[in-house]
Amino acid sequence: MQDQIYEQENEISLVDLFLMIKKYFLFLVAFTLLGGAIAAVYAFGISPKTYQADVQIMVAGQHQAVKDFIISDAVILEAIDNLDLNMSVSSIQEGLTITFNTASKFMDISLKLDQRNYTRNILNEILNVAADYSDNNTLYASYKGLMTYPTGVSGEYRVGPNYFLIIFIGMLLGGIVSLGYVFIKEMMFPKYHTKEALEKSLDCDCLGLIPSYDQKGGQKNA
């Protein structure tokens, strides 16, 4: 029972925590900003950028069949060859997103890639190849007349990374690490800020105090 009381008395209080934060406030702020700065360098300079282009086409029924045709290996591979790209079919298929509602005539197509100035051109070429195959290739004659392109492909725009989120996480981690460092430092080298804390720790009465005062010149004497 006595040991439990001793442990409770030596636990850090909210006042001690406040004094600790106040003492190292500038260090905590500086380390937090440093974490944000490192995260900003990573976000703007190192992390891969993702770009997206969109287009909406009209489909005369058979939405799923048209979707499978557009993302087929034959169409994608032909688009890659026409643009002379050093990319795999699977990498483009993974970036393609096609959504539709069978009750609607419209189908939304998006392409996301980590390479700038390619997304719009690739998506546009995929649509051109699909149109050419359906009109001129007897193997895909069943798709003729199913697709029309009322609008052109949009200009590409950046969709990732989220700069604000990365910087926020960097600052948060910087704050946590600096606070943890300060907390561990204070726990390893504890100091008594009040006479009462010293009496509780040593379980004895304090008979007197030696005050400290500042002298001119910034030197501290006791």
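The coordinates are above.
What you see is a predicted model, and the numbers here were worked out from it, not measured in a lab. (Residues numbered from 1 in each chain as written. Predicted model: local features only at pLDDT ≥ 70, side-chain atom pairs only at ≥ 80, totals over all residues. Heavy atoms only, no water.)

Participant: I tried to follow the overall build of the protein on my own but got confused; where do I start?
Facilitator: Helices and strands together make up the secondary structure of the protein, namely nine helices and seven strands. For the protein, buried positions account for 29% of its 222 residues. Sequence separation of 24 or more characterises 73% of the internal contacts of the protein that already satisfy a separation of 6 or more. About 15100 Å² of surface is accessible on the protein, with carbon and sulfur atoms providing 59% of the total. (Helix = DSSP H or I, 4+ residues; strand = E, 2+ residues; numbered from the N terminus. Buried < 20%, exposed > 50% of the residue type's maximum accessible area, 1.4 Å probe, protein only. Contact = heavy atoms within 4.5 Å. Areas by Shrake-Rupley, 256 points an atom, 1.4 Å probe, with all protein chains shown as cover.)

Participant: Even after reading the chapter, I still don't get helix H8 (residues 163-188), so can you show me in this structure?
Facilitator: Think of an α-helix as 3.6 residues a turn; residues three or four steps apart then line up on the same face. With 26 residues, H8 extends 37 Å from end C-alpha to end C-alpha; this agrees with the ideal 38 Å at 1.5 Å per step. Of all the residues in H8, the buried ones are Tyr 163, Gly 170, Gly 174, Gly 175, Ser 178, Val 182 and Glu 186. Residues of H8 that are buried in the fold lie against helix H2 (14-23), helix H3 (25-46) and strand S5 (157-160). A side-chain oxygen of the first residue of H8 lies 3.2 Å from the backbone nitrogen of Phe 164; this N-cap is Asn 162. (Expected span 1.5 Å × (residues − 1). Polar contact = N/O pair within 3.5 Å; in protein donor to acceptor, adjacent residues only side chain to side chain.)

Participant: Help me out: how do you make sense of the packing of aromatic side chains in this one?
Facilitator: Any pair of aromatic rings gets described here by the distance separating the centres and the angle formed by the planes. Considering all chains together, one arrives at six aromatic pairs under this definition. Between the aromatic rings of Phe 27 and Phe 31, the centroid separation amounts to 5.7 Å while the plane-to-plane angle is 45 degrees, which identifies the pairing as tilted. With Phe 27 and Phe 31 both in helix H3, this residue pair falls four residues apart, about one helical turn. Residue class for Phe 27 comes out partly exposed when judged on its relative accessible area of 31%. Judged by its relative accessible area of 31%, Phe 31 is partly exposed. Geometrically, the ring pair formed by Tyr 133 and Tyr 140 is stacked, given 5.2 Å between the ring centres and 10 degrees between the ring planes. (Phe/Tyr/Trp six-rings, centres within 6.5 Å; stacked < 30°, edge-to-face > 60°.)

Participant: I keep staring at the nonpolar core and nothing clicks. Help me out?
Facilitator: Soluble globular proteins: nonpolar side chains tend toward being buried together. Of all hydrophobic cores here, the largest spans 33 residues; its most connected members are Ile 92, Ile 109, Ile 126 and Met 147. Among the secondary structure elements, those contributing two or more residues to this core are strand S1 (50-59), helix H4 (63-70), helix H5 (73-83), helix H6 (89-95), strand S2 (96-100), strand S3 (106-113) and helix H7 (119-136). Looking at this core, the element that brings in the most residues is H7, giving seven residues. With sequence-adjacent residues up to four places away left out, Met 147 is seen in contact with Ile 57, Met 58, Val 66, Phe 69, Ile 70, Ala 130 and Ser 134. (Core = buried A, V, L, I, M, F, W, Y, C linked by side-chain atoms within 4.5 Å.)

Participant: Explanation requested: the side chain of His 63 in the structure shown.
Facilitator: You can see His 63 is positioned in helix H4. Engagement of the side chain of His 63 in a polar contact is seen with the backbone oxygen of Ser 104, the distance being 2.8 Å. The residues touching His 63, leaving out its near neighbours within four places in the chain, are Phe 100, Asn 101, Thr 102, Ser 104, Lys 105 and Met 107.

Participant: In this structure, what is going on with the pairing of S2? I would like to understand it.
Facilitator: In the case of a regular strand, side chains alternate between the two sheet surfaces. Sheet topology places S2 next to S3; five bridges connect them, and they run antiparallel. Bridge pairing links Phe 100 to Met 107 in S3. Hairpin connection, S2 to S3: the antiparallel pair is bridged by five residues. (Pairing = 2+ DSSP bridges.)

Participant: Explanation requested: the side chain of Ser 134 in the structure shown.
Facilitator: Position of Ser 134 among the secondary structure elements: in helix H7. Excluding residues within four positions of it along the chain, Ser 134 makes contact with Phe 69, Tyr 140, Ala 141, Tyr 143, Lys 144 and Met 147.

Participant: Would you take a moment to explain the environment of Gly 145 for this structure?
Facilitator: When you line up the elements, Gly 145 lands in the loop between H7 and strand S4 (147-148). Considered as a pair, Gly 145 and Val 59 are 86 residues apart in the sequence and their alpha carbons are 8.7 Å apart.

Participant: Explain a nonpolar patch on the surface here, please?
Facilitator: Taken together, the side chains of Ile 21, Phe 25, Leu 26, Val 29, Leu 33, Met 171 and Leu 179 define a hydrophobic patch exposed on the protein surface, amounting to about 620 Å² of accessible area. Considering every element that reaches the nonpolar patch, the biggest residue donor is H3, with four residues. Position of Phe 25 relative to the elements: it lies in helix H3. (Patch = residues over 30% accessible without salt bridge, like charges linked within 9 Å, V, L, I, M, F, W, Y side chains within 5 Å. Salt bridge = Lys/Arg side-chain N within 4 Å of Asp/Glu carboxyl O.)

Participant: So what exactly am I meant to see when it comes to the packing of H3 against H8 here?
Facilitator: When two helices pack together, their arrangement is given by the angle between their axes and by how far apart the axes lie. It is at 7 Å that the axes of H3 and H8 come closest, and there the two elements cross at 145 degrees. In this structure, the crossing between H3 and H8 has a hand that is right-handed. When H3 is examined against H8, the residues Phe 27, Leu 28, Phe 31, Thr 32, Leu 33, Gly 35, Gly 36, Ala 39, Ala 40, Tyr 42, Ala 43 and Phe 44 are found in contact with a partner set consisting of Tyr 163, Ile 166, Ile 167, Gly 170, Met 171, Gly 174, Gly 175, Val 177, Ser 178, Leu 179, Tyr 181 and Val 182. Each residue belonging to the contact of H3 with H8 can be placed in one class, and the counts come to 17 nonpolar, seven polar and no charged. (Axes fitted to C-alpha atoms, helices over the stretch in contact; angles between N-to-C directions. Left-handed = near helix turned anticlockwise from the far one by under 90°. Nonpolar A, V, L, I, M, F, W, Y, C, P; charged D, E, K, R; others polar.)

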